[in-house]
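Per-entry structural report
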Amino acid sequence: MRHPRTLLSAALGLGLTAALGAVPATAAASSPANSPAATAATSSYTTPSYAAYEGSGEDAKATRAFFDAVVKSVAKKRAANPGAQAVTVVYNASNAPSFRSQIAGSTRIWNSSVGNVQLVEGSGADFSYYEGNDPRGSYASTDGHGRGYIFLDYRQNQIYNSTRVTAHETGHVLGLPDHYSGPCSELMSGGGPGPSCQNAYPNAQERSRVNQLWANGLAAALARVS
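This text gives an overview of the structure that appears in the document. Everything quoted here is computed from the prediction, not taken from an experiment.

Turning next to the packing of aromatic side chains. Counted according to the given criterion, the structure contains seven aromatic pairs. Ring centres of F99 and Y154 lie 6.1 Å apart, and the angle between their planes is 15°; on these two criteria the pair is classed as stacked. With F99 in the loop between β2 (88–95) and α5 (100–113) and Y154 in helix α6 (residues 154–159), this pair connects stretches of sequence that are 55 residues apart. Residue F99 is classed as buried on the basis of its relative accessible area, which comes to 5%. Owing to a relative accessible area of 27%, Y154 belongs among the partly exposed residues under this scheme. The rings of Y130, Y139, Y149 and F151 are connected pair by pair, giving a single aromatic cluster.

See the structure below:
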């Protein structure tokens, strides 16, 4: 979970790089060459006291920045290989070894839930996973230029269903914003329903939205890079 002051600074647009964009020390130490100096981040698990950030313009802007960065990265590769049949988003999980099973589980969940985009692990990644300790909890972050990462916080993943946390953060990569006031059946409600929520699957509306985003968003991105 993030500190309220951090979230209020984000909502006001103050100190975004320092407050939200810094790569966690654990991640930076494990792979400094691959750790982006991000300038936007999107929160995930929260409580009602964080309502000033959830649903705010900064929250929506951060999610859109991550999605746009990943789409741009995918579009560039597709432009170089126009014969590719599937829209594939490649991730790197080597910097989050403790969460390999959760990452694999969330990948299976998303790949079975949507048809317009698929997640695969491999080289030339469009985004990466990191792990460590961070008082902000787990979050997704990007520099807005095709490089992004998901950070998975140890303590938060001990309190909440870890596969749900990972699938939720991956939802940001695919373009979905936070909606903490939603029910447990809504993946992007994050920690809103509390630690008892075990659902790690997107609901029908979330699945439809991701398919729509990757049909329309990728087409627009391809037009820009072609």
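From this point, the narrative continues.
Here N161 lies in the loop between α6 and α7 (162–173). Among the residues examined, N161 registers a relative accessible area of 17% and is labelled buried. In this structure N161 touches C197 and Q198, once residues within four positions along its chain are discounted.

Moving on, we come to the pairing of strand β6 (residues 148–153). Burial runs high along β6: six of the six residues are buried. Residues G148, I150 and L152 line one face of β6 and the alternating positions Y149, F151 and D153 line the opposite face, and both faces are buried.

So, about the state of the cysteines. Applying the stated criterion across every chain yields a total of one disulfide. Two residues share a disulfide in this structure: C184 and C197, whose sulfurs sit 2.0 Å from each other. The sign of the 85° torsion about the S-S bond sets the C184-C197 disulfide as right-handed. Taken as a pair, C184 in the loop between α7 and α8 (204–225) and C197 in the loop between α7 and α8 lie far apart in primary sequence, 13 residues in all.

Rules behind the numbers
Residues numbered from 1 in each chain as written. Predicted model: local features only at pLDDT ≥ 70, side-chain atom pairs only at ≥ 80, totals over all residues. Heavy atoms only, no water. Phe/Tyr/Trp six-rings, centres within 6.5 Å; stacked < 30°, edge-to-face > 60°. Helix = DSSP H or I, 4+ residues; strand = E, 2+ residues; numbered from the N terminus. Buried < 20%, exposed > 50% of the residue type's maximum accessible area, 1.4 Å probe, protein only. Contact = heavy atoms within 4.5 Å. Disulfide = S-S within 2.5 Å.

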